[in-house]
Protein chains: 2
Amino acid sequence: MRAEILSCGTELLLGHITDTNATYLAQSLAAQGIDLYNVSQVGDNQGRVVDLLRQAWQRSDLIIMTGGLGPTEDDLTRESIGELLGEKMTLDPELQAQLRARFSHSGPMPERNLKQATLIPSAQSIPNPVGTAPGWWVEKDGHILVAMPGVPREMYRMWEEEVVPRLAKYTGGLIFTRLLRVYGLGESATEELLTPLLRSTNPTIATYAKIDAVDVRITAKAERTEDALQLVAEMEEKARALLGDHVFGIEGDTLASVIGKALQARQQTLGVMESLTGGMLASTITDFHSSSKHFIGGIVTYSTDLKVQMGVPQEIVDRYGVISEETARAMAHAVRERLGTDFGIGVTGVAGPDKQEDKPVGTVHIAIEGPEGTVTGMGPGWRGGRADNKRHAVLTSLNLLRRYLEGTIVPQ
Amino acid sequence: MRAEILSCGTELLLGHITDTNATYLAQSLAAQGIDLYNVSQVGDNQGRVVDLLRQAWQRSDLIIMTGGLGPTEDDLTRESIGELLGEKMTLDPELQAQLRARFSHSGPMPERNLKQATLIPSAQSIPNPVGTAPGWWVEKDGHILVAMPGVPREMYRMWEEEVVPRLAKYTGGLIFTRLLRVYGLGESATEELLTPLLRSTNPTIATYAKIDAVDVRITAKAERTEDALQLVAEMEEKARALLGDHVFGIEGDTLASVIGKALQARQQTLGVMESLTGGMLASTITDFHSSSKHFIGGIVTYSTDLKVQMGVPQEIVDRYGVISEETARAMAHAVRERLGTDFGIGVTGVAGPDKQEDKPVGTVHIAIEGPEGTVTGMGPGWRGGRADNKRHAVLTSLNLLRRYLEGTIVPQ
């Protein structure tokens, strides 16, 4: 099955938005074993859309369109498909009733919205659980054409819940995926560890570098649900064995949510004292929605005087320097004591652009003091820009706390 | 002049990367008044690249390619252009010498890199100041084809420094742009204020919503530098008159850099006490590279007890609640006093997902105490997810401090 993506919207050609829908769909098609050979973006112009559709109809079995399903005159996807296939759009009574029901809360429906309730003979409607525009599923002469809204959250839902299951009979069955989240390994190191599994075609396994982790996606196809689940479970076990405790969670997890849940399960609390990360450590911890249950607070000791005022002994700073393991230990101890928390994290280092105390940009010292003792760590040796150095120091700190809480690192 | 973008790389079709190059080029073309009608992504397959190039050659005057200029067998852009035009690639002695010189620091050059020193008769080389792959500028039969590397930072430099100036004679002259950064107005409100200017064709003016501001880009064309600068300056003056003190800076400025520079010019210092923003306020302030000169530190008082411990009177919290202007004022006062800074910011509110003290998600109270007195403000009334609520509270706080420092808001 040869697929092609056509994204419609003049805002794409003006550079007002980036076509992240195409990236999302490309990943999903690859996971399903469907070959994607062409992606194009086109403006809201029926002549140009139809030109591209004619080419796509010749060279591809599956055409996936996004955008152009809104109610305005600029939204031309339905009209273009009608022109391509020489079929006339007519109002569907059922779709019209559903559309009017959607508007019943918010006043009368503008009449121009009615075109969202139209179909052509070859098209079936695809429900849109989060918006007014239904999609179209078109089958004709051995080709499939899917038209979905351009708004990403509407498109994602429609694709996952409606389109992927319909494609199952063409792709050899139902699809199940599992995402493992990895920290402490780069993408190529992750891929290298997974080498024995990469050639598998069902399930497939692939890595994606994300800003806060490397994601490993396992995708299996089968005719029966239980078989697909079984395939995924077996592959997950193998992948976890190869990746060890670098795997910190699954889809939806972050380092902050994982440590948050672990602390809450232990009914323990956390406080942080940070310098180079400038507040980003506390901010990342509080991105987890229920963080007020375990996070008491943080102190951003950007100046050395403030470190001392907040309980770091002056003699430690004088003797070892601000950028040292000893100062990180003293910060963890001071914040734990001052805030009365079970765990205290201390982080100090050099964010850049200039070196400090003759220590190079990217130097990071982390200490975590808890009921079982203290663990220490260095940053990942990253030498990027200021923002990247801060982010890597934060993630490395959270990962160290995760390993402390999971018992895979032994405090002293 | 009708333009088209063709992005090459199998990683685009696997969803491993998103084509942000196309977005960047689309914005630049729009600013130069060049119409962009087609964008496509294609994999590393010479047959498919040449197919798309033939179509592009028929329908477009200017074809911009990115990617496929590397040294490996997968890099097929030069070969594809040669096939399109029926011209043979030959080694250019000067390019070869430059390439070998680049490698002289890092050991012998792999022979396969030699193809980066080739040209066809219709192609001129475009220098690459930050990488090994030069671009190609091809002119034939009234068409222009530009091939640039896919690595964004290499492509951006080559486009801005080499390609845009060469395009000047086709687009009516030299291009100058100016970016104004706006906070406190949404994109549509900004556009509405600019309505009298939007129809201007030289200079053009356009708005772009960014995560930390709305950007207003003014672009002028002229044959002489001084004329273009004059056109931009006149339009900038009109735009600033319409937007008033919502304009906080120009290209490269952030709210954090603007307040940082203002505080440093006044030789004054800053401390913050924050709750709903969880450290993001301090972190954003310290994103500015020299923030250690004015930022002493921050206290993330996530628990109410910690607020009291850090100097917020218990009776204020009891009487007005944690989510109140009075508590924000007490936080600003406490941190200013405790850290001995010239300015103190206090921010409290409800990040969500649940309401607090019966105040809805998105409620934010901000107070800034400084030498001239105190100013207070509310959040922007944003009701988004937790991350958005935090971000908007941070930016609104920084914008309030900016207006305090600029004197456009009067402390009491």
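Here is what the cut-offs are and how they apply
- Residues numbered from 1 in each chain as written.
- Chains lettered and ligands numbered in written order.
- Predicted model: local features only at pLDDT ≥ 70, side-chain atom pairs only at ≥ 80, totals over all residues.
- Heavy atoms only, no water.
- Helix = DSSP H or I, 4+ residues; strand = E, 2+ residues; numbered from the N terminus.
- Buried < 20%, exposed > 50% of the residue type's maximum accessible area, 1.4 Å probe, protein only.
- Areas by Shrake-Rupley, 256 points an atom, 1.4 Å probe, with all protein chains shown as cover.
- Lys, Arg positive; Asp, Glu negative; His and termini not counted.
- Charge placed at Lys NZ, Arg CZ, Asp CG, Glu CD.
- Polar contact = N/O pair within 3.5 Å; in protein donor to acceptor, adjacent residues only side chain to side chain.
- Contact = heavy atoms within 4.5 Å.
- Buried area = accessible area lost by both parts, 1.4 Å probe.
- Salt bridge = Lys/Arg side-chain N within 4 Å of Asp/Glu carboxyl O.
- Least-squares fit on C-alpha atoms with pLDDT ≥ 70 in both.
- Axes fitted to C-alpha atoms, helices over the stretch in contact; angles between N-to-C directions.
- Parallel < 35°, antiparallel > 145°, perpendicular 65-115°, else oblique.
- Left-handed = near helix turned anticlockwise from the far one by under 90°.
- Nonpolar A, V, L, I, M, F, W, Y, C, P; charged D, E, K, R; others polar.
- Pairing = 2+ DSSP bridges.
- Domains from an automatic or database assignment.
- Arc of directions from axis to C-beta.
- 1 Å grid on protein atoms, 1.4 Å probe; cavity = no way out; pocket = protein on both sides within 12 Å on 5 of 7 lines; lining within 4 Å.
- Points joined across faces, edges and corners; volume = space filled by probe spheres on them.
- Phe/Tyr/Trp six-rings, centres within 6.5 Å; stacked < 30°, edge-to-face > 60°.
- Lys NZ or Arg CZ within 6 Å of the ring centre and 35° of its normal.

1. Details of the overall build of chain A
Secondary structure summary: chain A contains 14 helices and 17 strands in total. Reported as C-alpha extents along the three principal axes, the dimensions of chain A are approximately 85 × 50 × 40 Å. Expressed as a percentage of its 412 residues, the buried residues of chain A come to 55%. Accessible surface, chain A: about 17100 Å² in total, of which carbon and sulfur atoms supply 50%. One way to put it: in chain A the 40 positive side-chain charges average out to a point 1 Å from where the 52 negative ones average out.

2. Remarks on the side chain of Thr207 of chain A
Following the sequence through the fold, Thr207 of chain A ends up in strand β10 (residues 204–210). Among the residues examined, Thr207 of chain A registers a relative accessible area of 3% and is labelled buried. Reaching out from Thr207 of chain A, the side chain makes a polar contact with the side chain of Glu187 of chain A at a distance of 3.1 Å. Apart from residues no more than four positions distant in its own chain, Thr207 of chain A is found in contact with Glu187, Thr190, Glu191, Leu194, Val214, Asp215 and Val216 of chain A together with His16 of chain B.

3. Quick look at the interface of chain A and chain B
By convention, interface size is frequently given as the accessible area that disappears when the constituent parts associate. Contacts between chain A and chain B engage 57 residues on the former and 58 residues on the latter. When residues of chain A are sorted by the area they lose upon contact with chain B, Leu13, Arg48 and Tyr302 of chain A head the list and together hold 13% of the total. Inspection of the chain A/chain B interface yields two salt bridges. The tally of links between chain A and chain B comes to 33 residue pairs in polar contact (both at pLDDT 80 or more).

4. Remarks on the relation of the copies chain A and chain B
Of the two same-sequence chains, chain A is brought onto chain B (RMSD 0.3 Å, axial shift 0.1 Å) by a rotation of 180°. Taken together, the rotation and translation relating the two chain copies correspond to the operation of a two-fold axis. Here 100% of the interface residues in chain A have copies in chain B that are interface residues too; the copies meet face to matching face.

5. A word on the packing of helix α2 (residues 20–31) of chain B against helix α6 (residues 152–171) of chain B
Residue and element names in this part refer to chain B. Their axes nearest at 11 Å, the elements α2 and α6 cross at an angle of 20°. On the basis of the axis angle, α2 is roughly parallel to α6. Crossing angle aside, the handedness with which α2 passes α6 is right-handed. Residues Asn21, Tyr24, Leu25, Ser28 and Leu29 of α2 pack against Pro152, Met155, Tyr156, Trp159, Glu160 and Val164 of α6. Looking at side-chain class alone, the contact of α2 with α6 contains eight nonpolar, two polar and one charged residues.

6. A word on the sheet that holds strand β12 (residues 247–250) of chain B
Residue and element names in this part refer to chain B. A sheet is described by the order of its strands in space; here four strands give the open sequence β10-β11-β9-β12, paired in antiparallel fashion. Lying at the two open borders of the sheet, with one neighbouring strand each, are β10 (204–210) and β12. Ignoring which end each strand starts from, the neighbouring axes of this sheet average 30° apart. In terms of strand pairing, strand β9 (residues 174–182) meets β12 through three bridges, oriented antiparallel. Bridging across to β12, Arg181 finds its partner in Gly249.

7. Quick word on the sheet that holds strand β7 (residues 135–140) of chain B
Judged by pairing direction, the sheet is mixed, and its twelve strands sit side by side in the order β6(A)-β7(A)-β8(A)-β3(A)-β1(A)-β2(A)-β2(B)-β1(B)-β3(B)-β8(B)-β7(B)-β6(B) without closing on themselves. Edge positions in the open sheet fall to β6 (123–126) of chain A together with β6 (123–126) of chain B, since each of these has one partner strand only. Sheet twist, expressed as the average angle between the axes of neighbouring strands with direction ignored, equals 15°. Pairing between strand β1 (residues 2–8) of chain A and strand β2 (residues 35–42) of chain A: seven bridges, direction parallel. Counted as the bridge partner of Cys8 of chain A is Val42 of chain A from β2 of chain A. Across the sheet, helix α2 (residues 20–31) of chain A lies against β1, β2, β3 (62–66) and β8 (143–148) of chain A, angled at about 165° from β1 of chain A, the strand it touches most. Most of the contacts of helix α4 (residues 77–85) of chain A go to strand β7 (residues 135–140) of chain A, to which it runs at about 10°, and overall it touches β1, β3, β7 and β8 of chain A.

8. Overview of the domain arrangement of chain A
Each domain of chain A was delimited in the assignment, giving domain 1 (2–171), domain 2 (174–250) and domain 3 (255–406). Using only C-alpha atoms to locate each centre, domain 1 of chain A and domain 3 of chain A end up separated by 48 Å.

9. Overview of the pairing of strand β17 (residues 373–378) of chain B
Residues and elements named next belong to chain B. Strand direction decides the pairing type here: strand β16 (residues 364–370) and β17, joined by six bridges, are antiparallel. Each residue of the ladder has a partner; that of Ile368, found in β17, is Val375. As consecutive antiparallel partners, β16 and β17 are separated by two residues.

10. A closer look at helix α5 (residues 93–103) of chain A
Residues and elements named next belong to chain A. Looking only at α5, the buried set comprises Leu95, Leu99 and Phe103. All buried residues of α5 lie within an arc of 75° about the axis, which places them on one face of the element. Opposite the buried face of α5, at more than 90 degrees from it, the exposed residues are Pro93 and Glu94. Elements in contact with the buried residues of α5: β5 (118–119) and β6.

11. A look at empty space enclosed by the protein
All told, the structure shown has five cavities of 30 Å³ or more when counted by the stated rule. Quantified by volume, the largest cavity comes out at close to 170 Å³. Listing elements by their share of the lining of the largest cavity, those giving two or more residues are α2 and β2 of chain A together with α1 (10–13), α2 and β2 (35–42) of chain B. In terms of residue count, α2 of chain B provides more of the lining of the largest cavity than any other element does, three residues in total. Considered as a void within the structure, the second largest cavity measures approximately 50 Å³ in volume.

12. Some remarks on the pattern of salt bridges
All names here are of chain A. Using the criterion set out here, one finds 48 salt bridges over all chains in the structure. Put simply, Arg157 and Glu161 hold a salt bridge, and the shortest N to O gap is 2.6 Å. Pair noted here: Arg157 and Glu161 are both in helix α6 (residues 152–171), with a separation of four residues, about one helical turn. Under the relative-accessibility criterion, Arg157 is labelled partly exposed at 35%.

13. Some points on the packing of helix α9 (residues 255–265) of chain A against helix α14 (residues 386–406) of chain A
All names here are of chain A. Between α9 and α14, whose axes approach to 9 Å, the crossing angle comes to 35°. Considering the relative orientation of α9 and α14, their crossing is left-handed. Here Leu255, Ala256, Val258, Ile259, Ala262 and Leu263 of α9 lie close against α14, whose contacting residues are Leu395, Leu398, Asn399, Leu401, Arg402, Leu405 and Glu406. Class assignment of the residues belonging to the contact of α9 with α14 gives a composition of ten nonpolar, one polar and two charged.

14. Notes on the environment of Val258 of chain B
Residues and elements named next belong to chain B. Considering the arrangement of structural elements, one finds Val258 in helix α10 (residues 255–265). Once the C-alpha coordinates of Val258 and Leu405 are considered, the two residues, 147 residues apart in sequence, prove to be 9.8 Å apart. Among all residues touching Val258, those that are not within four sequence positions of it are Phe248, Asp253, Arg402 and Glu406.

15. Observations concerning the packing of aromatic side chains
For the coordinates displayed, the defined rule picks out six aromatic pairs over all chains. Of note, Arg48 of chain A hangs over the ring of Tyr37 of chain B, and the distance from its end group to the ring centre comes to 3.7 Å.

16. So, the pairing of strand β15 (residues 343–349) of chain A
Residue and element names in this part refer to chain A. Burial of β15 is extensive: seven of the seven residues sit out of reach of the surface. Here β15 shows a buried face lined by Phe343, Ile345, Val347 and Gly349 and a second buried face lined by Gly344, Gly346 and Thr348. In the sheet, strand β13 (residues 270–274) pairs with β15 via five bridges, with the strands oriented parallel. Within the sheet, the bridge partner assigned to Gly271 lies in β15 and is Gly344. Note: β15 against strand β16 (residues 364–370), six bridges, orientation antiparallel.

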